[in-house]
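# A structural walkthrough
Residue-level listing of the chains:
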Amino acid sequence: MLTDNFGRKFYYLRLSITDVCNFRCSYCLPNGYECEHDRKFLTLPEITRLASAFSAMGTEKIRITGGEPSLRKDLPEIIAACKQTPGIKRVAITSNGYKLPEHLSSWIDAGIDAINISIDSLDPRQFHAITGHDKLQHILKGVDMAVAAGIDVKINTVLMREYNGYDIASYLAWLKDTPVTLRFIELMQTGDNQEFFDAQHVQGSRIKQNLILDGWLPVINDKAAGPAQEFYHPDYVGKIGLIMPYSKDFCNSCNRLRVSSLGKLHLCLFTEAGLSLKDYLQTDDVEPLKSAISAMMTDKKQTHFLHEKLTGATKNLAMLGG
Ligand code: SAM
Ligand code: SF4
């Protein structure tokens, strides 16, 4: 089992398969994607080896992310390779959902268990203003299709003062009848978004207080749930989650490691550099890869340093997958 110096166990791998994205989210890639390196993203055989090595060390869940993972044409093959790896119980994807209705069936055929779709506003104009795309209705159609197909669907919503702030009424109305978990994520500062962060960051704690006052009850989560706090309400079909990276003890429940699309292990979203695994991924013998990953674990720090405004080498989360 992969364990760090602080006794945390890592069941969960977030695997980025590209850093390219077609959206221009204001907090992430406001000017759109700008390529700063060769596009030598992990290949299918490299991903297969990574999945085997991590599963042999206790990883049970892989989340495929990006950039926008659905921009890779071999995404269904990648999902299938992860899902067919012995020991991997769950394969999930995080996507902006821009082609969810068109792609959903191929992801399901490949074995996807769960889908996270990012929707930062339920108002089409606000959605357009945040992402640069007038796609809200299309994405909501895909969400309905995924729910109807029995897939576990979560919605990611980044809290921003001027866009969705503390006004969560439209989300609550939607969750009355929509069986998804909507997770409000506190905006995180990255290297590129400092001004935006200072203007837009709001804490999730006030939402949490209001939810509790309105009768929302905490969900008792299993070990794979990680740092999200989830709530349910008898009058609502949907659930609400809060991800509050600036809250006290947030990092104590860290259960995830990240590998970038360039094949670097990132022990935290906000480390100074990734540790390259590329050389170890060139052979089917995964033992040297496992030893390298285990050795790197001793460098994992107890917490991120976001409170001190230290964002490491992370210019935006499209680099790593959030
Ligand atoms: N493109 C896909 C998407 O948007 O779902 C996957 C990659 S994106 C980096 C993963 C998640 O990170 C999204 O839910 C996005 O909203 C979130 N995210 C990106 N930048 C963020 C930031 N600075 N603070 C908090 N969440 C952020
Ligand atoms: Fe693209 Fe996701 Fe970043 Fe938005 S949050 S720009 S969809 S990578």
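Further up the page is the structure itself.
None of the values given here were measured: they were computed from a predicted structure. (Residues numbered from 1 in each chain as written. Chains lettered and ligands numbered in written order. Predicted model: local features only at pLDDT ≥ 70, side-chain atom pairs only at ≥ 80, totals over all residues. Heavy atoms only, no water.)

### Points about the packing of aromatic side chains
What counts is decided by this rule: Between the rings of Phe, Tyr and Trp (Trp by its six-membered ring), a pair exists once the centres lie within 6.5 Å; its type follows the angle of the planes, with under 30 degrees stacked, over 60 edge-to-face, and the other angles tilted. Strands are runs of DSSP state E lasting at least 2 residues, helices are runs of H or I lasting at least 4, and numbering of each runs from the N terminus. In this scheme, a residue with accessible area under 20% of its type's maximum is buried, one over 50% is exposed, and one in between is partly exposed, where area comes from a 1.4 Å probe on protein chains only. Counted as over-ring charges are cases with an Arg CZ or a Lys NZ within 6 Å of the ring centre that also lie within 35 degrees of the ring normal.
Counting across every chain of the model gives four aromatic pairs. Note on F197 and Y246: the rings are 5.7 Å apart at their centroids and 35° apart in plane angle, and the pair reads as tilted. Here the residue F197 occupies a position in helix 7 (residues 194-200), and Y246 occupies one in the loop between strand 9 (239-243) and strand 10 (256-259), the gap between them amounting to 49 residues. For Y246, a relative accessible area of 15% translates into the label buried. With a centroid separation of 4.7 Å and 40° between ring planes, the pair formed by W216 and Y236 is classed as tilted. Highlighted residues: W216 in the loop between helix 8 (205-213) and strand 7 (217-218) and Y236 in the loop between strand 8 (229-232) and strand 9, separated in sequence by 20 residues. Sitting over the face of the ring of Y236, K176 holds its NZ or CZ atom 4.8 Å from the ring centroid.

### A short note on the site of ligand 1
For the record, the criterion: Any residue with a heavy atom positioned within 4 Å of a molecule or strand is treated as near that molecule or strand. In the analysis that follows, any N or O atom pair within 3.5 Å is treated as a polar contact, provided that within protein one partner can donate a hydrogen and the other can accept it, and provided that, for residues neighboring in sequence, both atoms belong to side chains. Classification convention: Asp, Glu, Lys, Arg as charged; Ala, Val, Leu, Ile, Met, Phe, Trp, Tyr, Cys, Pro as nonpolar; all other residues, Gly among them, as polar.
By nearness alone, 19 residues border ligand 1, and Y27, G67, S118, N156 and M188 come closest of all. Residue E68 places a side-chain N or O atom 3.2 Å away from a nitrogen atom belonging to ligand 1. Between ligand 1 and S118 there is a distance of 2.6 Å, counted from an oxygen atom to a side-chain nitrogen or oxygen. Listed by contribution, the elements that provide at least two residues to the shell around ligand 1 are strand 3 (90-95), strand 5 (152-159) and strand 6 (181-186). For the shell around ligand 1, the per-class residue count stands at seven nonpolar, ten polar and two charged.

### Examining the packing of helix 3 (residues 100-110) against helix 5 (residues 136-148)
The test is simple: Note on method: axes are straight lines fitted to C-alpha atoms, helices fitted across the in-contact stretch only, with angles between N-to-C directions ranging 0 to 180 degrees. For classification purposes, an angle smaller than 35 degrees is called roughly parallel, one larger than 145 roughly antiparallel, one from 65 to 115 roughly perpendicular, and anything else oblique. Left-handed describes a crossing in which the near helix is turned anticlockwise from the far one by less than a right angle; the clockwise case is right-handed. Contacts were defined at the residue level, with two residues in contact if any of their heavy atoms lie within 4.5 Å.
Their axes nearest at 8 Å, the elements helix 3 and helix 5 cross at an angle of 25°. In terms of their interaxial angle, helix 3 and helix 5 are classed as roughly parallel. The interaxial crossing formed by helix 3 with helix 5 has right-handed handedness. Two secondary-structure elements touch here, helix 3 through L100, P101, E102 and L104 and helix 5 through H138, I139, G142, V143, M145 and A146.

### A short note on the sheet that holds strand 7
Note the threshold: Pairs of strands are assigned from DSSP output, requiring at least two bridges between the strands.
Ordered in space as 7-8-9-6-5-4-3-2-1-10-11-12, the twelve strands form an open sheet in which the pairing is mixed. The sheet is open, and its two borders are formed by strand 7 and strand 12 (275-276), each paired with just one other strand. Here five bridges tie strand 1 (residues 12-16) to strand 2 (residues 61-65), and the two strands are oriented parallel to one another. Bridging across to strand 2, L13 finds its partner in I62. Sheet strands touched by helix 2 (residues 75-83): strand 1, strand 2 and strand 3. Its angle to strand 2, the strand with the most contacts, is close to 165°.

### Here's the deal with the side chain of S16
The residue S16 is located in strand 1 in this model. Discounting residues that sit within four places of it in the chain, S16 has contacts with L42, T65, G66, V259, S260, S261 and L320.

### Some words on the site of ligand 2
What surrounds ligand 2 is the set C21, F23, C25, C28, L29, G67, N96 and A318. Taken together, the residues of the shell around ligand 2 sort by class into six nonpolar, two polar and no charged.

### Here we look at the pairing of strand 1
Counted only if it meets this: Handedness is read with the strands pointing away from the viewer; a crossover is right-handed when the path from the first strand over the helix to the second is clockwise.
A large share of strand 1 lies buried, amounting to five of its five residues. Both faces of strand 1 are covered, namely the face carrying Y12, R14 and S16 and the face carrying L13 and L15. You can see the chain leave strand 1, run along helix 1 (residues 44-56) and come back into strand 2, and the turn it takes is right-handed. Sheet topology places strand 1 next to strand 10; four bridges connect them, and they run parallel. Across the sheet, the residue bridging to L13 is L257, located in strand 10.

### Quick notes on the environment of L267
Mapped onto the fold, L267 is located in the loop between strand 11 (264-266) and strand 12. Taking C-alpha positions, L267 is 20 Å from T48, a pair spaced 219 residues apart along the chain. Apart from residues lying up to four places away in sequence, L267 is in contact with L257, L275, M296, M297, D299 and K300.

### Points about the environment of F270
Within the secondary structure layout, F270 lies in the loop between strand 11 and strand 12. Here the alpha-carbon distance between F270 and R24, two residues 246 residues apart in the chain, equals 21 Å.

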